[in-house]
Amino acid sequence: MHGVGDVRFFDRVAPLYDRVMPAADGSVLAAGLDRAERPIDRLLDVGGGSGRAAAALTGPEITVVDASIPMLARARRNRGLSGVAGDAGRLPFRDNAVDAALVVDAFHHLPDQGAALLEAARVLAPGGVLVIREFDPTHPLGRGLAAAERAIGMDSQFLAPDALSTDLDAAGFDAAVVDRGFGYTVAGVLEDGS
Ligand SMILES: C[S@@+](CC[C@H](N)C(=O)[O-])C[C@H]1O[C@@H](n2cnc3c(N)ncnc32)[C@H](O)[C@@H]1O
């Protein structure tokens, strides 16, 4: 099935992941989270892996959700984070459960990106914010990254910032591109559907 291979890849590289990855930049994530229209007490880090992005944040109660058990084990053991095994397209949380959700360097690995956006909208309370940090496939470095991931057999599907922002709007968010570049951030505030 599309996307399963990507998770198996992270199962295998989990022991090395935090040794080779740079620390996440908490300030760019905070700029996206600042768009929330409610206090952020509870945050889900979807596709949060070993908790690298969660570790860059302070304040909310954070739960890491990931489909790779070896990645999650590191979030729990090395960072003391709460971790839940689950698929971004079928989150094991009730409606309106959290105030914010993050997806950092993971959205392009998701086999059903539309389902992941709808699930984020379901578990967020109105006024809550979804922050997605991704790589731009129209940037020269993004083209290289997309080619490299294809070459190692990943199913990655990268979206440019405006296309991702449009997809968030279609899923019920009021979205904006927070920053642009090779890495970029889109943040969407969940509109009150009532
Ligand atoms: C590049 S890592 C990013 C991890 C973390 N967000 C970070 O910034 O370090 C991508 C993560 O997405 C997870 N992932 C891939 N497909 C997934 C899915 N369908 N549901 C949940 N997690 C998924 C992988 O297991 C992996 O931990």
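A few points on the structure. (Residues numbered from 1 in each chain as written. Predicted model: local features only at pLDDT ≥ 70, side-chain atom pairs only at ≥ 80, totals over all residues.)

**Here we look at helix H2 (residues 26–33)**
For the record, the criterion: Partly exposed residues are those whose C-beta has more than 12 but fewer than 20 other C-beta atoms within 10 Å; 20 or more makes a residue buried and 12 or fewer makes it exposed, with C-beta atoms placed from the backbone. Helix and strand assignments follow DSSP, with helices taken as H or I runs no shorter than four residues and strands as E runs no shorter than two, numbered in order from the N terminus. As used here, the arc is the angular range of directions from the helix axis to the C-beta atoms. By the convention adopted here, residues make contact when the C-beta atoms placed from their backbones lie within 7 Å.
Inspection of H2 places Leu29, Gly32 and Leu33 among the buried residues, and these make up the whole buried set. Axial view of H2: buried residues confined to an arc of 100°, hence all on one face. Elements that come into contact with the buried residues of H2 comprise strand S4 (98–104), strand S5 (124–135), strand S6 (173–179) and strand S7 (183–190).

**Re the site of the ligand**
Selection criterion: We call a residue near a molecule or strand if the C-beta atom, set from the backbone, is within 6 Å of it. The nonpolar class holds Ala, Val, Leu, Ile, Met, Phe, Trp, Tyr, Cys and Pro. Asp, Glu, Lys and Arg form the charged class, and all remaining residues, Gly among them, are polar.
Among the 23 residues in the neighbourhood of the ligand, the closest are listed as Gly47, Gly49, Arg52, Ser68 and Ala106. Broken down by element, the shell around the ligand gets its largest block of residues, three residues, from helix H1 (residues 4–20). Its residues assigned to classes, the shell around the ligand shows 12 nonpolar, six polar and five charged.

**What about the pairing of S4?**
Definition in use: Criterion used throughout: strands pair if DSSP finds at least two bridges between them. For a crossover, the right-handed case is the one in which the path from the first strand over the helix to the second runs clockwise, viewed with the strands pointing away from the viewer.
Counting buried positions along S4 yields seven of seven residues, so the element is predominantly enclosed. Relative to S4, strand S1 (residues 42–46) runs parallel, the two being bridged by three bridges. Its bridge partner being in S4, Leu43 is matched across the sheet by Ala100. Bridge count for S4 against S5 is six bridges, and the pairing is parallel. Looking at S5, one finds that Ala100 is bridged to Val129. One crossover worth recording links S4 to the parallel S5 by way of helix H4 (residues 113–123), and it is right-handed.

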